[in-house]
Amino acid sequence: MAEPTLLRDDLDLPVRIGPHPPRRVVSLVPSLTEAVAATAAGLLVGATDWCSHPADLAVTRIGGTKNPDVPGILALGPDLVLANDEENRRPDLDALRAAGVPVWVTDIRTLDDAFRSLDRLLTAACRLPRPAWLDEAEAAWREVRPTADGPRAIVPVWRRPWMVLGRDTFAGDLLRRLGLRLVHADHPERYPAVPLPELLASGAELVVLPDEPYRFTPEDGPEAFPNVPAALVSGRHLTWYGPSLVAAPTVLRQAIDHPFVQGSMPTS
């Protein structure tokens, strides 16, 4: 009789995978939902309400990333639950483990982290062949040639209060590779709250406004930074790690290279 396999996830926590490849997977992370769906869609039986890709994903919805329905997840009888250390709460993951469900946690701070983590999750934890889209994503980013004198940029990710990308973030690493010099890259916090007057006085030459987690739009965000070029970017291509990484260099470069200037007075 085959024995379970003991693996270790990105946090070096033990994950006991059954003797057979997982057949029922629940994902608590939109990026990982898209990654598994693009590789072996039939594995997924549950995903969060925020898992929007692929658009035709037909699985049971089990709540949000921060408030998943733990009993609902258990009712699905998963062989494996996929999570992320930043997006999901440890008490929820501990409750799933206590119920005997294997939980695989990713920890991704850089693009290289993402490539390594996705390969291990898909090939080791899910026991799938390495997908072609992962090779395509690595190839796409190898073509990126950043400039050394790119614009100094601030990257708000929330409003009321204003919060920006700080140190050690996946999105920050992508923008660095595209040549941007993040004003708050050396901040002691990863997502510091910075008052608007301080942001306006930072000397930023570009403000990058993603449409998630806060949905910045042409009407909501740029007006706070008068006379500073604003690049409205796809949050999926900036913050997700999965098949979106294939197009991310092109999509992000297009937005960064074609910002617009909002000339109205700043608001809070």
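See the structure above.
Predicted model, so just to flag it, every value in this text is computed and none were measured.

A. Seen up close, the pairing of strand 7 (residues 103-106). Residues V103 and V105 of strand 7 are buried on one face, and the alternating residues W104 and T106, pointing to the opposite face, are buried as well. Strand direction decides the pairing type here: strand 6 (residues 80-84) and strand 7, joined by 4 bridges, are parallel. Following the sheet pairing, V81 is matched in strand 7 by V103. Handedness of the strand 6-helix 3 (residues 90-98)-strand 7 crossover: right-handed.

B. Just the pairing of strand 1 (residues 5-8), in detail. Bridge count for strand 1 against strand 2 (residues 14-17) is 4 bridges, and the pairing is antiparallel. Across the sheet, residue L6 finds its bridge partner in strand 2, namely R16. Between the antiparallel neighbours strand 1 and strand 2 lie 5 residues, among them D12 with a positive phi of about 65°.

C. View of the packing of helix 1 (residues 30-40) against helix 4 (residues 111-125). Between helix 1 and helix 4, whose axes approach to 11 Å, the crossing angle comes to 50°. Taken together, the axes of helix 1 and helix 4 lie oblique to each other. Read as a crossing pair, helix 1 and helix 4 show a hand that is right-handed. Note on element contacts: helix 4 touches helix 1 through L118, L121 and L122, opposite L32, A35, V36 and T39. By residue class, the composition of the contact of helix 1 with helix 4 is 6 nonpolar, 1 polar and no charged.

D. Spotlight on the packing of aromatic side chains. Under the defined criterion, the tally for this structure stands at 5 aromatic pairs. Aromatic pair W162 and F216: ring centres 5.9 Å apart, planes at 10°, arrangement stacked. Of this pair, W162 sits in the loop between strand 9 (156-158) and strand 10 (163-164) while F216 is found in the loop between strand 12 (206-210) and strand 13 (229-233), placing the two residues 54 residues apart along the sequence. Owing to a relative accessible area of 6%, W162 belongs among the buried residues under this scheme. The exposure class assigned to F216 is buried, which follows from its relative accessible area of 4%. Here Y214 and F216 contribute two aromatic rings whose centre-to-centre distance is 4.6 Å and whose plane-to-plane angle is 50°, an arrangement assigned as tilted. Judged by its relative accessible area of 14%, Y214 is buried. Every member of this aromatic cluster is reached through a ring pair, and the members are W158, W162, Y214, F216 and F225.

Reading guide: rules and limits
- Residues numbered from 1 in each chain as written.
- Predicted model: local features only at pLDDT ≥ 70, side-chain atom pairs only at ≥ 80, totals over all residues.
- Heavy atoms only, no water.
- Buried < 20%, exposed > 50% of the residue type's maximum accessible area, 1.4 Å probe, protein only.
- Helix = DSSP H or I, 4+ residues; strand = E, 2+ residues; numbered from the N terminus.
- Pairing = 2+ DSSP bridges.
- Right-handed = clockwise from strand over helix to strand, strands pointing away.
- Axes fitted to C-alpha atoms, helices over the stretch in contact; angles between N-to-C directions.
- Parallel < 35°, antiparallel > 145°, perpendicular 65-115°, else oblique.
- Left-handed = near helix turned anticlockwise from the far one by under 90°.
- Contact = heavy atoms within 4.5 Å.
- Nonpolar A, V, L, I, M, F, W, Y, C, P; charged D, E, K, R; others polar.
- Phe/Tyr/Trp six-rings, centres within 6.5 Å; stacked < 30°, edge-to-face > 60°.

Remember, this is a structural readout, not a statement about activity or role.
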